[in-house]
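Coordinates in review
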Amino acid sequence: MSNDLNKKINSVSLSDWLSEFHSEDELRELFLNMDKALKYIHEHGYCIEVFHPNYIQILNDRTDCIQFQKLVELSPDYSVKSDMIKQDIFNSAFIQIGIYTKTLKYLNVDFLRENFDSFAQFIPSSDVSYYRGVVQRGAAVYLSEFAEEKANRDLMDLEKQLDEGGNSTNKTLVKASDKRIDVDSVNSKINDQIYKQINGMNEAAFVNSLLIPAIVISVLAILLALGLLIS
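About the thresholds
Residues numbered from 1 in each chain as written. Predicted model: local features only at pLDDT ≥ 70, side-chain atom pairs only at ≥ 80, totals over all residues. Heavy atoms only, no water. Core = buried A, V, L, I, M, F, W, Y, C linked by side-chain atoms within 4.5 Å. Buried < 20%, exposed > 50% of the residue type's maximum accessible area, 1.4 Å probe, protein only. Contact = heavy atoms within 4.5 Å. Salt bridge = Lys/Arg side-chain N within 4 Å of Asp/Glu carboxyl O. pLDDT = per-residue confidence, 0-100. Helix = DSSP H or I, 4+ residues; strand = E, 2+ residues; numbered from the N terminus. Polar contact = N/O pair within 3.5 Å; in protein donor to acceptor, adjacent residues only side chain to side chain. Expected span 1.5 Å × (residues − 1).

A few words on the nonpolar core. The biggest cluster of nonpolar side chains holds 51 residues, and the ones touching the most others in it are Phe31, Phe68, Phe116, Tyr131 and Tyr195. Excluding residues within four positions of it along the chain, phenylalanine 116 makes contact with Ile97, Ile123, Val128, Tyr131, Arg132, Val135 and Gln136.

Enumeration over the complete set of coordinates arrives at six salt bridges. For arginine 62, the salt bridge identified is with aspartate 64, shortest N-O distance 3.0 Å. With respect to class, arginine 62 is no different from aspartate 64; both count as buried. In the salt-bridge network here, residues are joined through shared partners; they are Lys39, Glu43 and Glu145.

Here the focus is the confidence of the model for the protein. The share of residues in the protein with pLDDT of 70 or more is 73%, and the mean pLDDT across the chain is 82. Within the protein, helix α9 (residues 168-176) has the poorest average pLDDT of any element, 48, and helix α4 (residues 78-101) the best, 97. Note that pLDDT drops below 50 for residues 172-179; the model gives that stretch nine contacts with residues more than four away or on any other chain. Of the regions scoring below 50 in pLDDT, residues 203-216 engages in one contact with residues more than four places distant in sequence or in other chains.

Once that is clear, we can look at the side chain of lysine 39. In this fold, lysine 39 is placed in helix α3 (residues 24-43). In this structure lysine 39 comes out as buried when scored by relative accessible area, which is 11%. Within the structure, the side chain of lysine 39 is placed 2.8 Å from the side chain of glutamate 145, a separation counted as a polar contact.

Now for α3. The end-to-end C-alpha distance of α3, which contains 20 residues, comes to 29 Å, matching closely the 28 Å that a straight helix rising 1.5 Å per residue would cover. Burial within α3 is extensive, with 14 of its 20 residues counted as buried. At the exit of α3 stands glycine 45, carrying a positive phi of roughly 85°.

Structure representation (structure tokens):
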């Protein structure tokens, strides 16, 4: 996968990508990958400055390569930082619901909150509770984390049913894949490449934090030495 991103990159905005038909499954896959990119950005100290389909790029026609173009640093204040992340998660859910329902151009936040049930029928049934939690209850949960937890609970329920049913053949099939489903870690290497500038900026800031005090101390040492010589 990484080799693909090292070659010439072709990108298309989410707005343009949506001009063609995409199935519900394709949209959900895209949204999960958008969410993984969003979480990656937050974990590296940034959030989205402009959350609009025109500024979200799909690279090389791959729904696992999502680039948010307008980023801004998260606040160092914990409370403000939490609010910024929460707002990003809400904005992401808002856009996704607008796309599922084909109402994004006209969708209003207050109207969505007050009439969520009318929109729910157009959202994948497995994710309705997630979007309800974010839109109506202010939950700050990533879609990929929700999907991972739900998938693992479903797997546990299936294993329980098979254990109770006593079907040894099916139990063998389930036990063969008896490990937690980790949805979130899939895109880490891809996002490392797409968002190199985040790491680069953080490294530069770290280097500066070391260099500036060293320079100040050196200058003070030189001035002190000069002062001693003059005296």
